[in-house]
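Commentary on secondary and tertiary structure
Letter by letter, the chains look like this.
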Amino acid sequence: MKGKTTFKLPFLLFLTLFCLVFGQKNDPADKIVFGKTYTLEELRKTNGFVRCASSEYEAMLQQKNPKRMTEQQFEDWIGPLITNAQNNKSQNGGIITIPVVVHVIHSGQALGTAPNITDTQVQSQITVMNNDYRKLAGSPGANTSPVGADTMIQFALAKVDPKGNPTNGIDRVNLCQPAWSTSVIDSYVKPVTIWDPTKYMNMWSVNFSDPDLLGYAQFPSNSSLPGLDVNGGYADTDGVVANYATFGSSTYNDGTFLLSAPYDRGRTMTHEVGHFLGLRHIWGDSNCGTDYVADTPVHRTSNGGCPVHPKSNSCGTTDEMFENYMDYTFDTCMNIFTINQKDRMVAVMNNSPRRMELKASTADIAIPLFANDGELKGERNCNETSCADAPTAVTAQFSLYNRGTSPLTAAVITYSVNGGPQQTTSWSGNLAQDKYAIISIPSVAGVGSISASITSVNGTTDQRATNNSASVVLGNTVPVSSTNFTFELQLDYYGSETTWDLKNSAGTILYSGGNYPDTDPNFPALLTENWTLPLNDCYTFTINDSYGDGIYVDEGFYRIKNSAGAIIAAGQEFTDMQQKQFKVVGALATGEVTKDKNTAGIYPNPVSDVLNVSNVANNTKYEIYNAVGQIVKSGAIEDQKIRVAELTKGTYFITFKNDKKTESVKFIKK
Ligand code: ZN
Ligand code: CA
């Protein structure tokens, strides 16, 4: 991070105290998201929030790895899929219906406890998009502008999942972590949850670790439109992401959810989907810039809040169109896409990979349903098992969904632990269609897997067998089918800071790398190695950063994948060292445990004014020591922040103390 002025992660430099209730914030200062600095003035317009990071996301992708922007990488992946996509769906009167899957990312909360948001909240978001994209009369998306367009594009939650089974288009996934940075969302959350992006528009509801970010989107590729790059990004990250608290609209609240005004009417996703369909910000992301749309007025810059007409500007515009969904105004202030914006979106739907196939996708068309149909899904096991630990008993969790038209009141499930004898468990309750219950199965094995199947529902035969079976891996284990693994390392600009090694349980280094050349200002290419790891051993991967800022700041990451491409271990956000342990056991499964050298986290580092603290409870006592061990400041953590503006430049250690443990972290005051 030495000498760099363009940081690449959100939340690096936001300063002072924010009151988070309904976004009323005091004195935000500059903030950087995907390398773009938001000035105090810009943040004030949006109540301190970063309304949308799509343009910065795109610029980051371009700068990050120009090679990544060639077509080949995802064309290889997508080629066979395109071949299968024939236009076999009638487009009713030229209306395009895009099938949608919403991935609700949570960390084990009960249904309805944020961020495991309710079905109604998800559905309210689709309703808003249909109001807005269809300019629906009588809805908040209606307008009387002569250039206001019914885009003829609408959205429907999927009714068929990627395996051909019934779904309500809501994919709930426990990923065992409460909050996510945008970089980890792209390197991990999206790739492990995405549904075929040629058949579904993927939407994610997540809890951002940056509480001020509302959403971001991936632009389309190959649209041939001015203002868009040839390649918008990878296939496995394609889609739109929003914070769970802006996902949906309080206009349609049935009392089961809580959204944060003034971004509580679903317009974050209307805006992000606009990017997904090729629209740029109305002000062209520069003063008096162009959005390449003829019938939108030139805006001087973004608008926040809700201005009044006429709003003239120094670009010669007599009245700005601040109601446009591609501006930054409050949700209740927005109500228009224009005719020429529609033209752009239609061109994208006709030309862009992973957009044009959506026109032919039939994933929104219902398949015949049965009265008695249960679906079993395996839930991730969030218990970490260390290599040194003897396997301890764990509870495996499955979710049982009712995909039938009758209420599901009883189910019998057989299961087997690590291929052992079949056992039986019974469930009873009352589930309406598409609702679910969690079924817990205790296991004394601790590692390995539990496979389970529905054998009857409602006292009778389950009428659809294709969704009856699932398995859960124990102790954070991931099945592997061979001893071949792939290691990927995306360095940041400062390769000289990075070293890593992989040791077996005897401590022998099997593979190692670094340090690497610095490449600033060019982003380094992805490094890939193939590893062969014998069975029945425990492996420790260690990565070091000599400067103490990890590799995440410039969108670096590392991933260890099994031969099927599933991620066994991955990381990027650490300070000076991170370790991942995993097992390759006789049952061909691996287990993972993460140990950061410093479990308490601080950022930014180096810091100028305010240290943000993570993994440390409020009111925890802290002491800051200088390089010669003198206490220079002490106190208790408030709002996860510590002011350090008064410290002189240099190296410090901060110690956090509570009654359970003491942790110490090094940081640099610049
Ligand atoms: Zn935007
Ligand atoms: Ca079934």
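Because the structure is a prediction, the values reported are computed rather than measured.

**What to know about the overall build of the protein chain**
- Along its length, the protein chain carries seven helices and 32 strands.
- Residues counted as buried form 56% of the 670 residues belonging to the protein chain.
- Put simply, 68% of the contacts in the protein chain that link residues at least 6 apart link residues at least 24 apart.
- Working note: accessible area of the protein chain is about 25,600 Å², and carbon and sulfur atoms make up 52% of it.

**Some points on the sheet that holds strand β14 (residues 448-457)**
- Spatially, four strands are ordered β12-β11-β14-β15 in an open sheet, and the strand pairing comes out antiparallel. What marks the edges here is a single partner per strand, and that holds for β12 (423-431) and β15 (469-474). Neighbour-to-neighbour, the strand axes of this sheet turn through a mean angle of 30°, independent of strand direction.
- The sheet contact formed by β14 and β15 spans six bridges and is antiparallel. Bridging from a neighbouring strand, Ser-453 pairs with Ser-469 of β15.

**Description of the sheet that holds strand β22 (residues 557-561)**
- If you trace the four strands from one edge of the open sheet to the other, you get β20-β17-β22-β23, paired in antiparallel fashion. At either end of the open sheet lies a strand with only one pairing partner, and these are β20 (527-532) and β23 (567-571). Here the strands of the sheet are splayed against their neighbours by 15° on average, with no regard to which way each runs.
- Strand direction decides the pairing type here: β22 and β23, joined by four bridges, are antiparallel. Within β23, the position partnered with Arg-559 by the bridge is Ala-570.

**A word on the confidence of the model for the protein chain**
- Confidence in the prediction of the protein chain, expressed as mean pLDDT, is 82, and 81% of residues score 70 or more.
- For the stretch residues 1-29, pLDDT sits under 50, and the model shows 107 contacts to residues farther than four places along the chain or on other chains.
- Within the model, pLDDT remains below 50 along residues 65-88, and this stretch shows 41 contacts once partners closer than five positions in the same chain are excluded.

**Here's the deal with the coordination of the calcium ion (ligand 2)**
- The calcium ion (ligand 2) binds to the protein through Asp-373 (OD), Gly-374 (O), Asp-462 (OD), Asp-462 (OD), Arg-464 (O), Asn-467 (OD1) and Asn-468 (OD1), with metal-donor distances spanning 2.3 to 2.7 Å.
- Sequence spacing of the donor residues for the calcium ion (ligand 2), all on one chain, is D-G-x87-D-x1-R-x2-N-N. Separated by 94 residues along the polypeptide, Asp-373 in the loop between α7 (339-351) and β9 (374-378) and Asn-467 in the loop between β14 and β15 bring together distant segments of the chain.
- Taking the relative accessible area as the measure of exposure, Asp-373 reaches 0% and is therefore buried.

**So, α7**
- The terminal C-alpha atoms of α7 lie 19 Å apart, and with 13 residues this matches the ideal 18 Å at 1.5 Å per residue to within 8%.
- For α7, every residue scored as buried is listed here: Gln-341, Arg-344, Met-345, Ala-347, Val-348 and Met-349.
- Close packing links the buried residues of α7 with β3 (96-106), α4 (119-133), β4 (153-157) and α6 (267-276).

**Re the side chain of Glu-375**
- Residue placement: Glu-375 occurs in strand β9.
- Residue Glu-375 is classed as buried on the basis of its relative accessible area, which comes to 8%.
- Within the structure, the side chain of Glu-375 is placed 2.8 Å from the side chain of Arg-403, a separation counted as a polar contact.
- Glu-375 has contacts with Asp-161, Pro-166, Ser-399, Leu-400, Tyr-401, Arg-403, Ile-454 and Asn-467, leaving out every residue within four places of it along the chain.

**Some remarks on the coordination of the zinc ion (ligand 1)**
- Every protein donor of the zinc ion (ligand 1) is accounted for by Cys-52 (SG), His-271 (NE2), His-275 (NE2) and His-281 (NE2), and the metal-donor separations fall at 2.0 Å.
- In this structure, the zinc ion (ligand 1) is coordinated by four donor atoms arranged in tetrahedral fashion, with angles at the metal of 99 to 131°.
- Read from N- to C-terminus, the donor residues coordinating the zinc ion (ligand 1) fall into the pattern C-x218-H-x3-H-x5-H. With Cys-52 in the loop between α1 (40-45) and α2 (54-64) and His-271 in helix α6, the pair connects residues that are 219 residues apart, well separated along the chain. An identical accessibility class is assigned to Cys-52 and His-271; each is buried.

**Quick word on the packing of α4 against α6**
- Contact geometry of α4 with α6 gives a least axis separation of 9 Å together with a crossing angle of 60°. Judged by the inter-axis angle, α4 sits oblique to α6. Viewed along their axes, α4 and α6 form a crossing whose handedness is right-handed. Together, Gln-125, Val-128, Met-129, Asp-132 and Tyr-133 of α4 and Arg-267, Met-269, Thr-270, Val-273 and Gly-274 of α6 make up the contact between the two elements.

**Section: the environment of Leu-279**
- Of note, Leu-279 is situated in the loop between α6 and α7.
- Considered as a pair, Leu-279 and Pro-220 are 59 residues apart in the sequence and their alpha carbons are 9.5 Å apart.
- Excluding residues within four positions of it along the chain, Leu-279 makes contact with Phe-219, Gly-274, Met-326, Phe-337, Gln-341, Arg-344 and Met-345.

**With respect to the side chain of Asp-161**
- Within the fold, Asp-161 resides in the loop between β4 and β5 (170-174).
- The side chain of Asp-161 is buried and forms no salt bridge, while Arg-403, the nearest opposite charge, is found at 6.5 Å.
- Setting aside its immediate chain neighbours within four residues, Asp-161 contacts Pro-166, Thr-167, Trp-195, Tyr-200 and Glu-375.

**What to know about the packing of aromatic side chains**
- Evaluation of the coordinates by the stated rule reveals 19 aromatic pairs.
- Judged by centre distance (5.0 Å) and plane angle (80°), the rings of Tyr-133 and Phe-155 are edge-to-face. One end of the pair, Tyr-133, is in helix α4; the other, Phe-155, is in strand β4, with 22 residues separating them in the sequence. Each member of the pair, Tyr-133 as well as Phe-155, is classed as buried.
- Considering the side-chain rings of Phe-541 and Tyr-558, the 4.8 Å spacing of their centres and the 40° angle between planes classify their relative orientation as tilted. Of this pair, Phe-541 sits in strand β21 (residues 537-545) while Tyr-558 sits in strand β22; the two residues are 17 residues apart in sequence, bridging distant segments of the chain. For the pair Phe-541 and Tyr-558, one class covers both residues: buried.
- By the ring-pair criterion, three or more aromatic residues cluster together here, those being Phe-487, Trp-500, Tyr-511, Trp-531, Phe-541 and Tyr-558.

**As for unusual backbone geometry**
- Residue His-309 is joined to Pro-310 through a cis peptide bond whose omega torsion reads -10°.
- Along the chain, Pro-310 falls in the loop between α6 and α7.
- With an omega of 10°, the peptide bond between Asp-520 and Pro-521 qualifies as cis.
- Relative to the helices and strands, Pro-521 is located in the loop between β19 (509-514) and β20.
- For Cys-176, which is not glycine, the phi torsion reads 65° and is therefore positive.
- Inspection of the secondary structure puts Cys-176 in the loop between β5 and α5 (182-193).

**Comments concerning the state of the cysteines**
- Scanning all chains against the criterion turns up two disulfides.
- Each sulfur in the disulfide pair Cys-288 and Cys-315 lies 2.1 Å from the other. Residues Cys-288 and Cys-315 are joined by a disulfide whose S-S torsion is about -75°; by sign, that bridge is left-handed. Of the two residues, Cys-288 sits in the loop between α6 and α7 while Cys-315 sits in the loop between α6 and α7, which places them 27 residues apart along the sequence.

Criteria and thresholds
Residues numbered from 1 in each chain as written. Chains lettered and ligands numbered in written order. Predicted model: local features only at pLDDT ≥ 70, side-chain atom pairs only at ≥ 80, totals over all residues. Heavy atoms only, no water. Helix = DSSP H or I, 4+ residues; strand = E, 2+ residues; numbered from the N terminus. Buried < 20%, exposed > 50% of the residue type's maximum accessible area, 1.4 Å probe, protein only. Contact = heavy atoms within 4.5 Å. Areas by Shrake-Rupley, 256 points an atom, 1.4 Å probe, with all protein chains shown as cover. Pairing = 2+ DSSP bridges. Axes fitted to C-alpha atoms, helices over the stretch in contact; angles between N-to-C directions. pLDDT = per-residue confidence, 0-100. Donors = N, O, S within 2.8 Å, 3.2 Å for Na, K, Ca; no water. Expected span 1.5 Å × (residues − 1). Polar contact = N/O pair within 3.5 Å; in protein donor to acceptor, adjacent residues only side chain to side chain. Tetrahedral: all angles 85-135°; square planar, octahedral: opposite > 155°, others 65-115°. Parallel < 35°, antiparallel > 145°, perpendicular 65-115°, else oblique. Left-handed = near helix turned anticlockwise from the far one by under 90°. Lys, Arg positive; Asp, Glu negative; His and termini not counted. Salt bridge = Lys/Arg side-chain N within 4 Å of Asp/Glu carboxyl O. Phe/Tyr/Trp six-rings, centres within 6.5 Å; stacked < 30°, edge-to-face > 60°. Disulfide = S-S within 2.5 Å.

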